Amino acid sequence: MKTTLAIIGGTGLTTLNGLEITRREVVNTPYGEPSGPLIYGQLCSREVVFLPRHGHSHTIPPHRVNYRANIWALHHIGVEKVMAVAAVGGIHPELMSRKIAIPDQIIDYTGARANTFFEDDLSHVVHVDFTTPYCEELRTILIQAAAKAEVSAMTYGVYGATQGPRLETAAEINRLARDGCDMVGMTGMPEAVLARELGLCYAACAVVANAAAGRGVGAITMAEIEANLESGMAEVRALLEQAIRLL
Ligand code: HPA
């Protein structure tokens, strides 16, 4: 049977508890190596393929992820829907208490990343529509799944994608807030646009790891990020399981 659903795991989700792994597949792509072998298995009795974005041992930083290889590999094996999990810093006041957000818009502040499949050997120039960057059908499922899992999620929000790997300055976060960003992360782009270019239905579940720079007390530490992600991931797992049941 074809595996049509993929989960891309972010920081804090390099393994998917409950996934009954059936096999692993190394996919070679025209864009180089994906973050690791694709992991096939069953989650809640459904065929799922899992790909940890930062590699199995969490060694690939956001600006070094081969987004094109990852998305190409998933498309190549027949995936149609992608649920992406990504750690973010919270900017919107609601994200000081809520742990999960399902963004509906993106602003791209990244640079120097391979961000399109449409650049070489083209028979014609392609401008993909990206008005609504996330797949509304899958976003609706994630929102319904959050309610079922009793996870208090913010059901909209603008994701500001920064280059990293450093965190932002307080002034940069103020600028992002003025631009309308509700959360900030380093992996949302070009992942979302590459999925759109290949016609995949892609939505994200953002997990708040910290208050964005200048929005909390003092400096942001890795210990704080890791502790918040650990508790947030329990909610993400519950949400993903419900989403799979709804699909
Ligand atoms: N900024 C950017 N990316 C992040 C953050 C942040 O504060 N927290 C987790 N990922």
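To keep things clear, this report deals only with the structure shown in the data block. (Residues numbered from 1 in each chain as written. Predicted model: local features only at pLDDT ≥ 70, side-chain atom pairs only at ≥ 80, totals over all residues. Heavy atoms only, no water.)

1. Here's the deal with unusual backbone geometry
Here is step 1: The omega angle of the peptide bond from Gly164 to Pro165 is 0°, so this bond is cis rather than trans.
Here is step 2: Inspection of the secondary structure assignment puts Pro165 in the loop between strand S9 (158–161) and helix H3 (170–179).
Here is step 3: Its identity as a non-glycine residue notwithstanding, His58 has a phi of 55°, on the positive side.
Here is step 4: Within the secondary structure, His58 is located in the loop between strand S4 (46–52) and helix H1 (67–76).
Here is step 5: The residue Glu150 is not glycine, and still its phi comes out positive at about 55°.
Here is step 6: Tracing the backbone through its elements, the reader meets Glu150 in the loop between helix H2 (136–148) and strand S8 (153–154).
Here is step 7: On the accessibility criterion, Glu150 (74% relative accessible area) is exposed. (Helix = DSSP H or I, 4+ residues; strand = E, 2+ residues; numbered from the N terminus. Buried < 20%, exposed > 50% of the residue type's maximum accessible area, 1.4 Å probe, protein only.)

2. Quick look at the nonpolar core
Here is step 1: One finds Leu38, Val49, Leu74 and Val82 to be the most contacted residues of the largest nonpolar core, which totals 36 residues.
Here is step 2: Elements supplying a minimum of two residues to this core: strand S1 (5–9), strand S3 (38–43), S4, H1, strand S5 (81–90), S9, helix H4 (188–197) and strand S11 (201–211).
Here is step 3: Ranked by residues supplied to this core, first place goes to H4 with 5 residues.
Here is step 4: Ranked by size, the runner-up nonpolar core spans 34 residues in total, among them Leu19, Val85, Met233 and Ile244. (Core = buried A, V, L, I, M, F, W, Y, C linked by side-chain atoms within 4.5 Å.)

3. Observations regarding the side chain of Thr4
Here is step 1: Within the secondary structure layout, Thr4 lies in the segment before S1.
Here is step 2: For Thr4, the side chain forms a polar contact with the side chain of Arg46, separated by 3.2 Å. (Polar contact = N/O pair within 3.5 Å; in protein donor to acceptor, adjacent residues only side chain to side chain.)

4. Structural notes on the state of the cysteines
Here is step 1: Scanning the model with the defined rule gives 1 disulfide in all.
Here is step 2: A sulfur-sulfur distance of 2.1 Å marks the disulfide that ties Cys135 to Cys201. Sign of the S-S torsion, about -75° for the bond between Cys135 and Cys201, identifies this disulfide as left-handed. Residue Cys135 is found in the loop between strand S7 (105–108) and H2, and its partner Cys201 is found in strand S11; the two are separated by 66 residues along the sequence. For the pair formed by Cys135 and Cys201, the shared burial category is buried.
Here is step 3: With no disulfide of its own, Cys181 lies 18 Å from the sulfur of Cys205, the closest cysteine sulfur. (Disulfide = S-S within 2.5 Å.)

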